[in-house]
Amino acid sequence: TELAERPANPAATAADRPIGFGRIQRKEDPRFVRGRGRYVDDIVLPGMLHGAILRSPMAHARLVSIDTTEALAHPKVHAVITGRDLEGLNLAWAPTLSADVQAVLATAKVRFQGQEVAFVVADDRYAARDALELIDVEYEELPPVVDVRRALDPGAPVIRDDKEGQTDNHIFDWEAGDRAETDAVFAAAEVVVSEEVVYPRVHPAPMETCGAVADYDPVDGKLTLYETTQAPHAHRTLFAMVAGIPEHKIRVISPDIGGGFGNKVGIYPGYILAVVGSIVTGRPVKWMEDRSENLMSTSFARDYVMRGEVAATRDGKILAVRTQVLADHGAFNATAQPTKYPAGFFSIFTGSYDLQAAHCSVTGVYTNKAPGGVAYACSFRVTEAVYLVERMVDVLAAELEMDPAELRLRNFIRPEQFPYKNKTGWEYDSGDYEPTMQLALRMAGYEELRREQAEKRSRGELMGIGLSFFTETVGAGPRKHMDIVGLGMADGAEVRVHPTGKAVVRLSVQSQGQGHETTFAQILAEELGIPPEDIDVVHGDTDQTPFGLGTYGSRSTPVSGGAVALAARKVKEKARAIAAAMLETRPEDLEWEKGRWYVKGDPGVGKTIAEIALGAHGTVELPEGIDGNLDAEVTYDPPNLTFPFGAYVCVVDVDRGTGKVHVRRFVAVDDCGTRINPMIIEGQVHGGLADGVGMALMEFIGFDEQGNNLGGSFMDYLIPTAMEVPDWETGHTVTPSPHHPIGAKGIGESATVGSPPAVVNAVVDALAPFGVRHMDMPCTPARVWEAMQGRPTPP
Ligand code: MCN
Ligand code: CUM
């Protein structure tokens, strides 16, 4: 159900119209629905061999010895590579995206269950896996660090004894906001609430696992690397820096990708091992991980233990928020985020509220768990921030005995305050929160729901209504503030209009299912009037696309989308000069209507883009300084990030006997500024809402005391299916970004960010009769039942 309504904001109404033909079907889908997508595992090269990784069964152990003799004797095995071999090549350790190093293959120690220990290359996948069992590894078990709260205890085992001067498990301390100012507001406040809020470790679990096919040609020294990556250009540059292969001799191809969700940003040992395998054997090598390998070793998400506090007046004015966070980064600090932001954009935990003060401090620690940490549609940890503040606002509402909708409405940043500078340094570009909230409440029938709830409560039935209102910061970023390992976060687009007026757009970003082949064509279509079906979008091949940092943090539309619009405008201006030459008039005498320049006051005389393209490539005498094509290239450095927002309402029923939560309804109203393709936006929102219900109710990567991963398969790591989610009810408002060339803000992660607090707030609301004020995710039947018995959520 889509209920579109014009917002009260008059600035928005003119733009409340999808662009570039709007709700068109996805150009990429014909190949997907026919099974003709081309994924990394579909790549088959002549003479290709297959790799498999031997992984540590232990969370923390000394590597005493590795005997590979028997594996090497296997008739189908071509190579067995260990950490010792890599040490010889200076490749045993690789730099991470967070100024740490990560073992490609373990040398002296293993540091998490599932860590890479040896790599076998064989004729086929089965032989490679068989040979893993022939490798004899002797481990000497060490005590593991599993509980993040114990990781900094004096005497805790030191995980990273490989790092000089590292005598404990501390990685970083980071803070934002003014501590003294915040403390002063708290000290004087009438009401202070506090709660420990845990966002547990979860995993993006994309449908396609990670993998690579490496093809090193020893004759011309060129490496072709097919990779499941969200950032082909960044990967290529880092490969060049680390492996010493010159950058122009590396081609990274990221073909169709079966979902990324942040899981495919980092550089995994498997990718590097495929390259080493190809260099060693002189043949192409494919490595594809299986589901358990994906869940146990690649980038997890969240794992934040947050102490949240809110200061307010008795009548419900929120004055300040503060928080201390313990961030579990696993055994290597391999989070992917802008260099100056070790906790990502968590400092936007001030939410959508006008505060007097705010302060957060985040301490990152090592544990014996898989590395990662920025993944799963997180907008660089805005997920954690939004969950914290939206949970805490509900805690405050309970304390004040105030309606949570009323409390939010009373504290929103007001429309006239935008651009709004918050207390931790962000400048929110635009927003108009109240109409969005009111639309969500209207769609949900909020007052009627509250009446129904009161009635049910009087009968002893457990119904809960949960709200959340979120503001994200997406589109990293201005390159003067944001880089990843020194690469500035700008992105490129190149537009070529062919002689017959058809066009190609080449992007530096890389789709994993978001529909870029459709929406980026629509941006060009809007700007130049060329129909989207006449525009091809090329992405995911470093030999064919301009440099840029890739797709994550919902930055493709905010950054590369801006580049496409600006490149199109350059083309348009060039077309004007050429049209003027063709019409024997001056450029300033021409007027634009979609797809055509015509003579002012004489609309019958003009040239279409197709005619101008043919002119440009033909024999028309070109004006001074104009060369014979209709092409343009732009690298777009955004002046600010974009700040999409939304209001969500979730309705749950809880079974009193079993603790099972049933999500009955979910209303989501999103505002991502100018909307390109409403169908694709809805798809992004639907997916993110399913993610949120999953995290709130069932997804969880847990560990036992020995550090065994308890979420290493889909038997244990539960993701929601159509059975667990309701029919989504979506709506929208439109508040364009004032600085983005087409006014668009990102949408790819909004629903994953905004929905978990709505679901948990609904569950806690349902349990209010038991005096429950907070419970941690996932709200499984067992935990909900325990909460009803007045027992704390188990750690
Ligand atoms: N869009 C639009 N109008 C807007 C904003 C966006 O029509 N105002 C369209 C875009 O043009 C694009 C899609 O919506 O086709 C998402 O755009 P954007 O918000 O710019 O996000 P990205 O394209 O950068 O995608 C990244 C984002 C992230 S970070 C994760 S994680 C995530 C997500 O996208 N992973 C996904 N959505 C996913 N969807 C699928 N199917 N698969 C994933 O792996
Ligand atoms: Cu944080 S997951 Mo997305 O940014 O690729």
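Note that the structure is predicted; figures quoted are calculated from it, not measured. (Residues numbered from 1 in each chain as written. Chains lettered and ligands numbered in written order. Predicted model: local features only at pLDDT ≥ 70, side-chain atom pairs only at ≥ 80, totals over all residues. Heavy atoms only, no water.)

From N to C terminus, the protein includes 19 helices and 34 strands. In the protein, which comprises 795 residues, the proportion classed as buried is 64%. Long-range contacts, defined here as pairs at least 24 residues apart, represent 79% of the contacts in the protein between residues at least 6 apart. (Helix = DSSP H or I, 4+ residues; strand = E, 2+ residues; numbered from the N terminus. Buried < 20%, exposed > 50% of the residue type's maximum accessible area, 1.4 Å probe, protein only. Contact = heavy atoms within 4.5 Å.)

A few words on unusual backbone geometry. Apart from glycine, the bulk of residues carry a negative phi angle, and the bulk of peptide bonds sit in the trans form. The omega torsion across Phe 418 and Pro 419 is -5°, close enough to zero to call that bond cis. Tracing the backbone shows Pro 419 in the loop between helix H11 (404-411) and strand S20 (420-421). Residue Ala 476 is joined to Gly 477 through a cis peptide bond whose omega torsion reads -20°. Following the sequence through the fold, Gly 477 ends up in the loop between strand S22 (462-471) and strand S23 (483-484). The phi angle at Ala 377 is positive, at roughly 45°, despite the residue not being glycine. Among the structural elements, Ala 377 can be located in the loop between strand S19 (372-373) and helix H10 (382-400). Given the relative accessible area of 6%, Ala 377 is considered buried. Positive phi, close to 45°, is recorded for Ser 554, a residue that is not glycine. The topology assignment puts Ser 554 in the loop between strand S27 (535-538) and helix H15 (556-583). Owing to a relative accessible area of 13%, Ser 554 belongs among the buried residues under this scheme.

Attention shifts here to the pattern of salt bridges. It is possible for side chains bearing opposite charge to pair when their charged atoms get close. The tally for this structure, following the rule as stated, stands at 60 salt bridges. Arg 322 is the partner of Glu 309 in a salt bridge, and the nearest nitrogen-oxygen pair spans 2.8 Å. Placement of the pair is Glu 309 in strand S16 (residues 300-312) and Arg 322 in strand S17 (residues 318-328), with a sequence separation of 13 residues. Pair check on accessibility: Glu 309 and Arg 322 agree, each one buried. The network of salt bridges with shared partners includes Asp 100, Lys 109, Arg 111, Arg 160, Asp 161, Asp 162 and Lys 163. (Salt bridge = Lys/Arg side-chain N within 4 Å of Asp/Glu carboxyl O.)

This part covers the packing of H10 against H11. Where H10 contacts H11, the axes come no closer than 9 Å and their chain directions differ by 115°. Taken as axis vectors, H10 and H11 run roughly perpendicular relative to one another. Crossing angle aside, the handedness with which H10 passes H11 is right-handed. Together, Glu 390, Val 393, Asp 394, Leu 396, Ala 397 and Leu 400 of H10 and Pro 404, Leu 407 and Arg 408 of H11 make up the contact between the two elements. (Axes fitted to C-alpha atoms, helices over the stretch in contact; angles between N-to-C directions. Parallel < 35°, antiparallel > 145°, perpendicular 65-115°, else oblique. Left-handed = near helix turned anticlockwise from the far one by under 90°.)

Another point: the domain arrangement of the protein. Here the domain parsing of the protein yields domain 1 (40-142 + 209-256 + 264-297), domain 2 (298-476 + 640-788) and domain 3 (491-636). With centres defined by C-alpha atoms, the gap from domain 1 to domain 2 works out at 37 Å. Contact with domain 1, which involves 26 residues of that partner, is made by 25 residues of domain 2. Summed over both sides, the interface of domain 1 with domain 2 buries roughly 2,000 Å², with 55% coming from carbon and sulfur. Between the two partners, domain 1 and domain 2, sit twelve residue pairs in polar contact (both at pLDDT 80 or more). Listing elements by their share of the side of domain 1 that touches domain 2, those giving two or more residues are strand S6 (101-103) and helix H9 (291-297). Counting residues per element, the side of domain 1 that touches domain 2 draws most heavily on H9, which supplies seven residues. Residue composition of the side of domain 1 that touches domain 2, by class: twelve nonpolar, nine polar and five charged. (Domains from an automatic or database assignment. Buried area = accessible area lost by both parts, 1.4 Å probe. Polar contact = N/O pair within 3.5 Å; in protein donor to acceptor, adjacent residues only side chain to side chain. Nonpolar A, V, L, I, M, F, W, Y, C, P; charged D, E, K, R; others polar.)

So, about the coordination of the copper atom of ligand 2. In this structure the copper atom of ligand 2 is ligated by exactly one protein donor, Cys 378 (SG), at 2.3 Å. Residue position: Cys 378 is located in the loop between S19 and H10. (Donors = N, O, S within 2.8 Å, 3.2 Å for Na, K, Ca; no water.)

Here we take up the state of the cysteines. By definition, a disulfide is the covalent link that joins the sulfur atoms of two cysteine residues. Under the criterion given, the structure shown has zero disulfides. For Cys 650, which is in no disulfide, the shortest distance to another cysteine sulfur is to Cys 779 and amounts to 10 Å. Under the relative-accessibility criterion, Cys 650 is labelled buried at 0%. For Cys 779, a relative accessible area of 2% translates into the label buried. (Disulfide = S-S within 2.5 Å.)

A few words now on the environment of Val 537. Residue position: Val 537 is located in strand S27. The exposure class of Val 537 is buried, given its relative accessible area of 8%. For Val 537 and Leu 507, which are 30 residues apart along the polypeptide, the C-alpha to C-alpha distance reads 7.4 Å. In this view, Val 537 contacts Val 505, Leu 507, His 516, Glu 517, Phe 520 and Ala 521; residues no more than four positions away in its chain are not counted.

Attention now goes to the nonpolar core. Generally speaking, soluble globular proteins have nonpolar side chains that are buried together. In terms of nonpolar packing, the biggest core is built from 133 residues, with Phe 346, Leu 697 and Leu 767 touching the most fellow members. The element contributing the most residues to this core is H10, with twelve residues. Residues from two domains meet in this core; each of domain 1 (40-142 + 209-256 + 264-297) and domain 2 (298-476 + 640-788) gives at least three. Those residues in contact with Leu 767 that lie beyond four places of it in its chain are Leu 462, Val 654, Val 772, Met 775, Val 784, Ala 787 and Met 788. Judged by nonpolar contacts, the second largest core, of 42 residues, contains Val 509, Ala 613, Leu 630 and Ala 632. (Core = buried A, V, L, I, M, F, W, Y, C linked by side-chain atoms within 4.5 Å.)

With that settled, consider the site of ligand 1. Ligand 1 sits among 32 residues. The nearest are Gly 260, His 516, Ser 556, Thr 557 and Ile 747. In the model, an oxygen atom of ligand 1 is placed 3.0 Å from a nitrogen or oxygen of the Phe 261 main chain. Calculation on ligand 1 without its partners gives an accessible area of 840 Å², and the protein chains cover 95% of this total. Of the residues that constitute the shell around ligand 1, the class distribution is ten nonpolar, 19 polar and three charged. (Near = heavy atom within 4 Å. Areas by Shrake-Rupley, 256 points an atom, 1.4 Å probe, with all protein chains shown as cover.)

A separate point is the site of ligand 2. Around ligand 2 lies a shell formed by Gln 230, Phe 261, Gly 262, Val 374, Ala 375, Tyr 376, Ala 377, Cys 378, Ser 379, Tyr 552, Gly 553 and Glu 749. A distance of 3.2 Å is found between an oxygen atom of ligand 2 and a backbone nitrogen or oxygen belonging to Gly 262. Glu 749 places a polar side-chain atom, nitrogen or oxygen, 2.8 Å from an oxygen atom of ligand 2. Here the residues of the shell around ligand 2 are counted per class, giving seven nonpolar, four polar and one charged.

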